[in-house]
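Descriptive analysis of the structure
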Amino acid sequence: MMSHTAVTASLCWHFLLLFMLPRAGTVRQSPKLTQHGHRRHNHLVYDKYSPLSFCPMLEFEKAFVKLYELQHSVVFSKLASNRSRILERYKQVARNKKCAHIPSAKWPISDKKIVVNIGEGTTGTRYLTCMMNSLGFKSAHPGSPTAVKEEQRGHMFLGCEEYESCTAAWDDFNYISDSPVPYFLMELLLTHPKAVFLLSMREPTAWKTRRIKGHLHDGSANWHQAGLCGPTEHKMNHTLTELDYTVYNVWAMCVARDREIWPLIVFNQSNYVTIREILTFLMRNKMSINLTSIDAHGNETLKEAIIKTERQTKLCVDSPNLIWPQPRPWKYTEI
C-alpha cells in the first residue's frame, strides 16, 4: 500500500503531464521569424531567408485572390479550381528554398529609381522593351547571342564581373526585363527601394508551349524556369511547369505587395490599352518620360501620345535588325 507522500507525489506528476504534453492531434510549435528576425505567433518556424518569411501563406492567398480578380479570364481560369493545389505547391517548394542574404558586397543598396519587369520572358517582353525605349528609357532585354554584333557585347545586362557590383550592373539601365531578371527578383526588390515593378503574364499553358517552341534553337527544353528565389529544380518540359509558373507569378505579386507593381497581360488587350495603362502607371509614380521623343513640341494630349508611342513601338518590334544589349552567357549560381 502506497504512503500518503507517495500518493501525493504520483498525483502531482500526472497533473504536470496533463499540461506538459500536447493534446491529441496538436503539435506545439514556436512562432515564426520574419525577414527582420522578429517572431510572429502563427504556429510555424521559418528561416528568415525562406520565401515564406517574405510571403507568408496568408499573404500568398491574398495575392492569389488579387491576381485572380484582375486577370481571371486568362491567367487563372484553368487553375482557379485547383486553388488548394497551388497553395500546397507553394508551401512545398518554399520550405526547401532559401533566398540570398541581401544586402551584400555584391548587392549593395541602390538609390536609383528604375522600372523592373519581374515577369518571365515570352509574355510580351520584347514589345514592352520597345515601348519603354520609345518613352526614353534606356532598356535592356536579352536577345539571341548569334544576333549580337561583337562590338555590342560590351553592353552588359548583368555583367557583375565588369562592374563594381551586381547592383551597379543593373543600374546601368532604366528599364530591365526578361531572363535573368525574374531569377533575381528578391535581390532587385531588396536593393532597389525606389524601383517600380511590372509583372507581365500569360496563360500558363500557352506560355509553356510558346516558351519552348519559340526558343528551341537556344535549348529551351533544358531551361529551368524562374521559381522562388532562383530557378526551379525541373526543366521546362516538366508536368509541373504550368503550376510553378502560376506559383511564381502569385509569389512575385506577394513579395512586392508593399511596392508599386502593375500586373498586365499584353496578349489579352490592345496595344493602345497596354500603352495607356503603363503610361498612366509611370506618370503616377513620377517616372521621367521622354515625351519630346514623340512630339518635338511636347504639347500633345495623352491620347495623341499613346498613338504615337504605339506607332514607334511597332516600328521597333518589326525591325529585322533589332539588337538588344546582350549579357554574356550566365548561370544563376555564378552570382
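One can find the structure itself at the top, above this paragraph.
The structure displayed is predicted, hence computed values, not measured ones. (Residues numbered from 1 in each chain as written. Predicted model: local features only at pLDDT ≥ 70, side-chain atom pairs only at ≥ 80, totals over all residues. Heavy atoms only, no water.)

Notes on the overall build of the protein chain
The helix and strand inventory of the protein chain stands at eleven helices and nine strands. Put simply, the protein chain has 335 residues, and 46% of those count as buried. Counted over contacts in the protein chain with a minimum sequence separation of 6, partners at least 24 positions apart contribute 72%. Accessible area for the protein chain stands at about 17,500 Å²; split by element, carbon and sulfur atoms hold 55% of it. (Helix = DSSP H or I, 4+ residues; strand = E, 2+ residues; numbered from the N terminus. Buried < 20%, exposed > 50% of the residue type's maximum accessible area, 1.4 Å probe, protein only. Contact = heavy atoms within 4.5 Å. Areas by Shrake-Rupley, 256 points an atom, 1.4 Å probe, with all protein chains shown as cover.)

Concerning the state of the cysteines
Counted under the stated rule, the structure contains three disulfides. In this model C99 forms its disulfide with C229; the gap between the sulfur atoms is 1.8 Å. Measuring handedness by torsion sign, the sulfur bridge of C99 and C229 sits at about 50° and is right-handed. A residue pair is termed long-range when its members are at least 10 positions apart, and C99 in the loop between α4 (83-94) and β3 (115-117) and C229 in the loop between β7 (226-227) and β8 (230-231) qualify at 130 residues. One exposure class covers both C99 and C229, and it is buried. Covalently, C130 is tied to C316 through a disulfide, its sulfur atoms 2.0 Å apart. One disulfide, between C130 and C316, carries an S-S torsion of -65° and so falls in the left-handed class. With C130 in helix α5 (residues 125-134) and C316 in helix α11 (residues 302-318), this residue pair connects regions lying 186 residues apart in the sequence. (Disulfide = S-S within 2.5 Å.)

Some thoughts on the side chain of S165
The topology assignment puts S165 in the loop between β4 (139-140) and α6 (166-170). Engagement of the side chain of S165 in a polar contact is seen with the backbone nitrogen of A168, the distance being 3.1 Å. In this view, S165 contacts A105, K106 and P108; residues no more than four positions away in its chain are not counted. (Polar contact = N/O pair within 3.5 Å; in protein donor to acceptor, adjacent residues only side chain to side chain.)

Regarding the sheet that holds strand β5 (residues 175-176)
With parallel pairing, five strands are arranged side by side in an open sheet as β4-β5-β3-β6-β9. In this open sheet, the two strands that pair with only one neighbour each are β4 and β9 (261-264). Taken together, the three bridges between β3 and strand β6 (residues 196-200) define a ladder with parallel strand orientation. Of the residues in β6, the one forming a bridge with V116 is F197. In the packing of helix α9 (residues 241-255) onto the sheet, contacts are made with β6 and β9, and the angle to β6 comes to roughly 160°. (Pairing = 2+ DSSP bridges. Axes fitted to C-alpha atoms, helices over the stretch in contact; angles between N-to-C directions.)

Looking at the packing of helix α10 (residues 271-284) against α11
Relative to each other, α10 and α11 sit at 120°, their axes nearing to 9 Å. Judged on the interaxial angle alone, α11 and α10 are oblique. In terms of crossing hand, the pair formed by α10 and α11 is right-handed. Contacts between α10 and α11 pair N271, Y272, I275, R276, L279 and M283 from the former with L302, K303, I306, I307, T309 and E310 from the latter. (Parallel < 35°, antiparallel > 145°, perpendicular 65-115°, else oblique. Left-handed = near helix turned anticlockwise from the far one by under 90°.)

Here's the deal with the packing of aromatic side chains
As enumerated under the stated definition, the model contains six aromatic pairs in all. Ring plane angle 5° and centroid distance 4.0 Å describe the contact between F60 and Y90, whose orientation is recorded as stacked. One end of the pair, F60, is in helix α3 (residues 57-71); the other, Y90, is in helix α4, and 30 residues separate them in sequence. With respect to class, F60 is no different from Y90; both count as buried. Members of the aromatic cluster, each reached through a chain of ring pairs, are W107, W170 and F184. (Phe/Tyr/Trp six-rings, centres within 6.5 Å; stacked < 30°, edge-to-face > 60°.)

Looking at the pairing of β6
Within β6, five of the five residues are buried, which leaves the element mostly enclosed by the surrounding structure. The side-chain alternation of β6 yields two buried faces, one formed by V196, L198 and S200 and the other by F197 and L199. Here β6 pairs with β9 via four bridges, running parallel. Residue pairing for β9: S200 is matched across the bridge by L264.

Looking at the nonpolar core
Formed by 54 residues in total, the largest nonpolar core has its most connected members in Y90, I118 and W251. Elements with a contribution of two residues or more to this core: α2 (51-54), α3, α4, α6, α7 (185-191), β6, α8 (204-213) and α9. Top element by residues in this core is α9. It accounts for ten residues. Non-local contacts of W251, meaning those with residues more than four positions away in its chain, are made with P51, C55, F60, Y90, L185, M186, G227, L228 and C229. Listed in part, the 20 residues of the second largest apolar core include L135, L198, L282 and M287. (Core = buried A, V, L, I, M, F, W, Y, C linked by side-chain atoms within 4.5 Å.)

So, α4
In this model, α4 (twelve residues) spans 16 Å end to end at C-alpha, consistent with the 16 Å of a helix rising 1.5 Å per residue. What α4 keeps buried is the set I86, L87, R89, Y90 and A94. Along α4, the residues classed as buried sweep out an arc of 160° about the axis, all on the same side. (Expected span 1.5 Å × (residues − 1). Arc of directions from axis to C-beta.)

Description of the pattern of salt bridges
As enumerated under the stated definition, the model contains eleven salt bridges in all. With a shortest N-O distance of 3.7 Å, K62 and E59 are connected by a salt bridge. Pair noted here: K62 and E59 are both in helix α3, with a separation of three residues, about one helical turn. Assessed through its relative accessible area of 47%, K62 is described here as partly exposed. We note a salt bridge from E260 to R284, for which the minimum N-O separation is 3.6 Å. Pair noted here: E260 is in the loop between α9 and β9 and R284 is in helix α10, with a separation of 24 residues, a long-range link. One network of salt bridges, with partners in common, ties together E59, K62 and R257. (Salt bridge = Lys/Arg side-chain N within 4 Å of Asp/Glu carboxyl O.)

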